[in-house]
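Summary of the model geometry
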Amino acid sequence: MNIRLSTGSLIPIEMHKVRIVQATALPPVAQRLAAIEAAGYNTFLLRTRDVFLDMLTDSGTNAMSDNQLAAMMVSDDAYAGGESFYKLEAAVQEVLGYKYAVPVHQGRAAEHLLAKIFCKPGDTVVMNYHFTTTKAHFEIAGAKVVEAHSPQALQTESSEQFKGNIDLDWLQRVIDTEGAAKVPFVRMEATTNLIGGQPFAMANLKAARAICAKHGIPLVIDCSLISENAYFIKSREAAYADVSIAAIIREMMDQADLIYLSGRKSTCVRGGLIATSNDAYYEQLKAWLPVYEGFLTYGGMSSKEVEAMAVGLREMCDYEVASSSADLIQFFVQRMIDRGVPAVTPAGGLAGHVDAMRFLPHIPQTEYPAGALAAAIYIASGVRPMERGTVSMDRDAAGNDVPSDLELCRFAVPRRVYSMAHMEYVVDRLAWLHAHQELVGGLKFYHEPPVLRFFTGKMEALGGWGAKLAAAFEADFGPAC
Ligand code: F0G
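Below: a short report on this structure. (Residues numbered from 1 in each chain as written. Predicted model: local features only at pLDDT ≥ 70, side-chain atom pairs only at ≥ 80, totals over all residues. Heavy atoms only, no water.)

**Topic: the overall build of the protein**
On a plain count of helices and strands, the protein comes out with 17 helices and 16 strands. Relative to the compact-globule value of 23 Å for 481 residues, the protein shows a C-alpha radius of gyration of 22 Å, a close match. Counting only C-alpha atoms and orienting by the principal axes, one finds that the protein spans roughly 65 × 55 × 45 Å. Counting across all 481 residues of the protein, residues that qualify as buried make up 58%. Across the protein, the fraction of contacts at a sequence separation of at least 24, relative to all contacts at a separation of at least 6, is 73%. Carbon and sulfur atoms provide 55% of the accessible area of the protein, an area that totals close to 18,000 Å². Distance between charge centres in the protein, computed from 43 positive and 54 negative side chains, equals 2 Å. (Helix = DSSP H or I, 4+ residues; strand = E, 2+ residues; numbered from the N terminus. Rg over C-alpha atoms; globule rule 2.2 N^0.38 Å. Buried < 20%, exposed > 50% of the residue type's maximum accessible area, 1.4 Å probe, protein only. Contact = heavy atoms within 4.5 Å. Areas by Shrake-Rupley, 256 points an atom, 1.4 Å probe, with all protein chains shown as cover. Lys, Arg positive; Asp, Glu negative; His and termini not counted. Charge placed at Lys NZ, Arg CZ, Asp CG, Glu CD.)

Below, the structure written as structure tokens:
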């Protein structure tokens, strides 16, 4: 949460004590250059021994609480009927208000099962924005994805507080054009990841719900980042200023027919979940769960993580937990702006984002500016961000690159892991790189997988810019930094 200093300024203050730490080290710049060359300029392919601050993702990298770790010690390992599951089911009923809890091994497994039971060729899934794995699963099942995003969603400099809103007129138009029977569900993603972790408003969710209800279309919420979206509703939507995070989450859940989540984010574990009160959906999920994931009471998760998810679901309703990374991200984004780094505004959840097209205006999208920026900042800092731009888009059926709406370089802020000093360091190296932007060039694939190429694809730095950047950095900071 934020606390006001006597000077009047706000700082994000940790509402926890650090009792267990993991050492990290800053590899020298020559080692970083060698590592990114070996990784094909793809930060996914770096080893963590070569990384100082791992800001690739907030997925599965959050600090767990003492109560979560304690719960893991009493987990009940059983193939079927394990008590850990019943604790999770009770937490789902209490926190989310749904009857059925379906554990899965992670978020994309939930997407796979949803695609299996809802999507068929000719269908159109309408959503506020896609996520990479979501789009892949629904398209593999033959459905089309339409992103009825808000008008401001793709503006990286904005004061719109709810860029994750779905455009209601657009949603209505798609239903009218396709016909309600061809829309298996509408998907709202909380704290919309790929547009910079931007929330939707409760009012927007309720309006989308009303449209869905009118046409008999189910509404599904991707709740991977639900806690942060609830926090943004509380802090940005006037009517909710005095409503608790727990009550906001329940009100959001009342709008949906089914929700799913990656448990690796808001609930700070490694797993996933589908929840619903709909008997028919549950019966279908029940049929496929043991085929793809595991028996109903563990669904591919370790029983330890099932226990910890039950605790994490309750803890994400605490104001201090819901705000823990969002407030640090806000500080991070403000500091970037103070130093002239083109950060995405307003600050969102999960990460601070840099607009690579403004940071590196000389690199065309065909040469992947966000990928180049991710690799360049790694060379200049040892910080590992993630490309969220055209590299993260797969080619179309004709084999052409599909330019991404946005070219973002994402610096994820895992919950309760990094400090203000860490953020200041990242901002400083970004400011240095921005002042030396001409040293960064484009990228070209030399190994390109056909699906979700960003995970394992390899690229080369056009004109060998990596070595020149490392040399300039070393000239300014010395070989050890
Ligand atoms: N939905 C959203 C909104 C996500 O952010 C993710 C994962 C998934 C679904 C898939 O869940 O990874 O558990 O299978 N996001 C991670 C990220 C990978 O780095 O943003 P998963």
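**Some remarks on the site of the ligand**
Around the ligand, the surrounding shell holds 17 residues, and the nearest of these are Thr57, Arg108, Asp222, Ser262 and Arg410. One of the side-chain N or O atoms of asparagine 193 is found 2.8 Å from an oxygen atom in the ligand. Within the side chain of aspartate 222, an N or O atom sits 2.6 Å from a nitrogen atom of the ligand. Among the elements that take part in the shell around the ligand, helix α4 (residues 107-118) stands out by supplying three residues, more than any other. For the shell around the ligand, a count of residues per class yields two nonpolar, eight polar and seven charged. When residues of the shell around the ligand are sorted by domain, at least three fall in each of domain 1 (2-58 + 321-477) and domain 2 (66-318). (Near = heavy atom within 4 Å. Polar contact = N/O pair within 3.5 Å; in protein donor to acceptor, adjacent residues only side chain to side chain. Nonpolar A, V, L, I, M, F, W, Y, C, P; charged D, E, K, R; others polar. Domains from an automatic or database assignment.)

**Digging into the sheet that holds strand β14 (residues 408-412)**
The antiparallel open sheet is built from three strands, whose spatial order is β11-β14-β13. Looking at the sheet topology across the chains shown, the edges are occupied by β11 (351-355) and β13 (386-388). Across this sheet, the average inter-strand angle for adjacent strands is 30°, counted without regard to direction. Two elements, β13 and β14, share three bridges in a ladder whose sense is antiparallel. Paired with glutamate 387 across the strands is cysteine 409, a residue of β14. Its contacts with the sheet put helix α13 (residues 324-338) on β11 and β14, and the angle it makes with β11 is roughly 25°. (Pairing = 2+ DSSP bridges. Axes fitted to C-alpha atoms, helices over the stretch in contact; angles between N-to-C directions.)

**Here's the deal with the nonpolar core**
Met55, Phe411, Leu433 and Trp465 are the most contacted members of the largest nonpolar core, which has 62 residues in total. Per element, the largest residue contribution to this core is ten residues, and it comes from helix α15 (residues 369-381). Discounting residues that sit within four places of it in the chain, tryptophan 465 has contacts with Tyr41, Ala372, Ala375, Ala376, Ile379, Leu439, Val440, Gly441, Gly442 and Leu443. Counting 59 residues, the second-largest nonpolar core is a separate cluster that includes Val92, Phe162, Met252 and Ala256. (Core = buried A, V, L, I, M, F, W, Y, C linked by side-chain atoms within 4.5 Å.)

**A closer look at the packing of aromatic side chains**
Under the criterion given, the structure shown has 20 aromatic pairs. Note on phenylalanine 138 and phenylalanine 185: the rings are 5.4 Å apart at their centroids and 85° apart in plane angle, and the pair reads as edge-to-face. Taken together, the residues span a long stretch of sequence, with phenylalanine 138 in helix α5 (residues 132-140) and phenylalanine 185 in the loop between α6 (168-178) and β7 (186-189) at a distance of 47 residues. The two residues phenylalanine 138 and phenylalanine 185 agree in class, both being buried. (Phe/Tyr/Trp six-rings, centres within 6.5 Å; stacked < 30°, edge-to-face > 60°.)

**With respect to helix α16 (residues 420-435)**
Relative to the 22 Å expected for 16 residues at 1.5 Å per residue, α16 spans 23 Å between its end C-alpha atoms, a close match to the ideal helical length. Those residues of α16 not exposed but buried are Met423, Tyr425, Val426, Val427, Arg429, Leu430, Ala431, Trp432 and Leu433. (Expected span 1.5 Å × (residues − 1).)

**A few points about the pattern of salt bridges**
Between side chains of opposite charge, a pair can form when the charged atoms approach closely. Applying the stated criterion across every chain, the model contains 26 salt bridges. One salt bridge connects glutamate 157 with arginine 358, and the closest N-O pair in it is separated by 3.5 Å. Here glutamate 157 is found in the loop between β6 (144-147) and α6, whereas its partner arginine 358 is found in helix α14 (residues 356-359), with 201 residues between them in sequence. Looking at glutamate 157, the relative accessible area reads 58%, which means it is exposed. Connected through salt bridges with shared partners, the residues Asp58, Glu228, Lys265 and Arg415 form a single ionic network. (Salt bridge = Lys/Arg side-chain N within 4 Å of Asp/Glu carboxyl O.)

**Quick word on the pairing of strand β9 (residues 258-262)**
Each regular strand carries side chains that alternate between the two faces of the sheet. Burial within β9 is extensive, with five of its five residues counted as buried. Burial along β9 is two-sided: the face carrying Leu258, Tyr260 and Ser262 and the face carrying Ile259 and Leu261 are both buried. Where strand β8 (residues 219-222) and β9 come together, three bridges link them in parallel fashion. Of the residues in β9, the one forming a bridge with valine 220 is leucine 258. In the sheet, β9 pairs with strand β10 (residues 272-276) via five bridges, with the strands oriented antiparallel. Each residue of the ladder has a partner; that of leucine 261, found in β10, is leucine 273.

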